[in-house]
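Listed below, chain by chain, are the residues.
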Amino acid sequence: DDVFVKLETNRIQVRTPKTCVLKIDEELPRDLTFPLFLRTSKSSWKRGCQQAKVNSLRELGDEAELLRRSFGWDAPIIAREWLDIATAGPWMFGDAPQEIRTWIVDGEPAEWRFHYLHAVPEPNGFPPTTEDLQQLHTMAKSVAIPFQSRLIAADFVRDVRGEWHFLEAGPGAVAGTAHEDVFKYVAQRLIGKTPSLPDSAVGGTF
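Residues numbered from 1 in each chain as written. Predicted model: local features only at pLDDT ≥ 70, side-chain atom pairs only at ≥ 80, totals over all residues. Heavy atoms only, no water.

> How should helix α4 (residues 180-190) be read in this particular structure?
In an α-helix, one turn spans 3.6 residues; hence positions three or four apart end up facing the same way. Residues of α4 that are buried include every one of Val182, Tyr185 and Val186, and no others. What you see down the axis of α4 is that its buried residues fit within an arc of 90°, all on one side. Residues of α4 that are exposed and angled more than 90 degrees away from the buried face: Glu180 and Phe183. The secondary structure elements touched by the buried residues of α4 are β9 (99-105), β10 (108-114), β11 (151-158) and β13 (203-205). Two residues or fewer after α4 comes glycine 192, characterised by a positive phi angle close to 90°. (Buried < 20%, exposed > 50% of the residue type's maximum accessible area, 1.4 Å probe, protein only. Helix = DSSP H or I, 4+ residues; strand = E, 2+ residues; numbered from the N terminus. Arc of directions from axis to C-beta. Contact = heavy atoms within 4.5 Å.)

Here it is in structure tokens:
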């Protein structure tokens, strides 16, 4: 939630689903529209292998209560405009999205990788086109502008119409990666080296 506030304060224009933060005991925004995806700032979940989709005020209240029982009684709830996300393939928790994690070093997008490669080795919709990668580079660079962290991880997802949306970002030092080559590449970039990383259908350099 802090990331979205920072982007808005600095007037960063990047395509992202309309998002608002619902704090406990505060009135709901009047412009709230359904359906919505709900999560907390720390975590999201899938019940029945499906993303939580709420279609009414009653469902919103029920889902928010369940999230707060699990993640903290006063946890802010992030309500995000529902996206019909393109599917990369099935995995143990349902359908994996066509989601890309980008790694930004010193403000410059350095590397991208299909985020669920550990679960879907041959995802649908990959490799992205040259135009896709140019768009992701521009979006990732914009997201990094207000922040001082030397390493930022920013995630983007593609909808069924083929459009990319910014989802979330955070310090790269605490962002997970199951891919050893990504870890080694960004580590070498951070210490001033210019390593090589072979491009593939599911990842590569910008």
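> In this structure, what is going on with a nonpolar patch on the surface? I would like to understand it.
Side chains of Leu28, Phe34 and Leu57 sit close together on the surface and give an oily, nonpolar patch of about 260 Å² of accessible area. Its place among the elements puts phenylalanine 34 in the loop between β1 (19-22) and β2 (36-40). On the basis of relative accessible area, phenylalanine 34 is assigned to the partly exposed category, the value being 31%. (Patch = residues over 30% accessible without salt bridge, like charges linked within 9 Å, V, L, I, M, F, W, Y side chains within 5 Å. Areas by Shrake-Rupley, 256 points an atom, 1.4 Å probe, with all protein chains shown as cover. Salt bridge = Lys/Arg side-chain N within 4 Å of Asp/Glu carboxyl O.)

> Is there a simple way to explain unusual backbone geometry in this structure?
A cis geometry characterises the amide bond from phenylalanine 34 onward to proline 35, with omega recorded as 5°. Relative to the elements of secondary structure, proline 35 occurs in the loop between β1 and β2. With an omega dihedral of 5°, the bond running from phenylalanine 126 to proline 127 counts as a cis peptide bond. By the secondary structure assignment, proline 127 is in the loop between β10 and α3 (130-144). In this structure, aspartate 25 is a non-glycine residue whose phi angle is positive, near 70°. You can see aspartate 25 is positioned in the loop between β1 and β2.

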